[in-house]
Amino acid sequence: MLLLTTALVAGCDRQSPKPEQAAANGAAPTPPPAAPGVDGVIDRSHKGEAAPATSFKGPDGKALTLADFKGKPVLLNLWATWCAPCIAEMPQLDALAVREAGKLQVLAVSQDLEGAAKVIPFFAKGGYKALKPYLDDQAALSTGFQANLPTTILYDSTGHEVWRYSGGQDWTGAAAAKLIAEAR
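Everything numeric here is computed off the predicted structure, so don't read it as measured data. (Residues numbered from 1 in each chain as written. Predicted model: local features only at pLDDT ≥ 70, side-chain atom pairs only at ≥ 80, totals over all residues. Heavy atoms only, no water.)

Q: Give a detailed account of the pattern of salt bridges, specifying residues and quantitative values.
A: Going through the model one piece at a time under the given rule, you end up with 6 salt bridges. One salt bridge connects Lys-57 with Asp-137, and the closest N-O pair in it is separated by 3.1 Å. Taken together, the residues Lys-57 in strand β2 (residues 56-57) and Asp-137 in the loop between β6 (134-135) and α5 (140-145) connect sequence positions 80 residues apart. Here Arg-184 ties to Glu-100 by a salt bridge, and the two come within 2.7 Å at their closest N and O atoms. Placement of Arg-184 in the segment after α6 (174-180) and of Glu-100 in the loop between α3 (84-99) and β5 (105-110) is noted, with a sequence separation of 84 residues between them. Relative accessible area serves as the criterion here: at 8%, Glu-100 is assigned to the buried category. (Salt bridge = Lys/Arg side-chain N within 4 Å of Asp/Glu carboxyl O. Helix = DSSP H or I, 4+ residues; strand = E, 2+ residues; numbered from the N terminus. Buried < 20%, exposed > 50% of the residue type's maximum accessible area, 1.4 Å probe, protein only.)

As structure tokens, then:
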């Protein structure tokens, strides 16, 4: 359990300092993001693969798999309450879920090992309008995907992967809208 916790904490994709901050600290500046609002990496190497049958818990505590959401595109976000870039994305994911209601299912699945004890209070405090607290307290999804947090995966309406995005993203911006449109 300690090894899994250590691996998850180490896997949180902490954002690098902005180029101006790095230069001010005497470090070599990092290159700017590929597009405005994009701080991560897109991976299309799994395009067309079927969603895994890994189960996680729905807001009601019942076991679900991604197959339960077939019929419309799904944006699966793997996150945790201890991951700063993950927390920064939550309001944006909520706004996206509100804007795309009926057209896109946004699933924010927590990888917190403490499960509901951590996630339910986090959601209560956040006051999200559309996001629901999905739980994977075994971190089976992030382990199966070998994913750092945050990782977001887009599935088309048939349950096949379109792309994976590792790192923080402005999910309300034009760059994200263009990526999400690939599932339609």
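So, next bit.
Q: Can you break down α3 residue by residue, with the values?
A: Spanning 16 residues, α3 covers 24 Å between terminal C-alpha atoms, matching the ideal 22 Å at 1.5 Å per step. For α3, the complete set of buried residues consists of Pro-85, Cys-86, Glu-89, Met-90, Leu-93, Asp-94, Leu-96 and Ala-97. (Expected span 1.5 Å × (residues − 1).)

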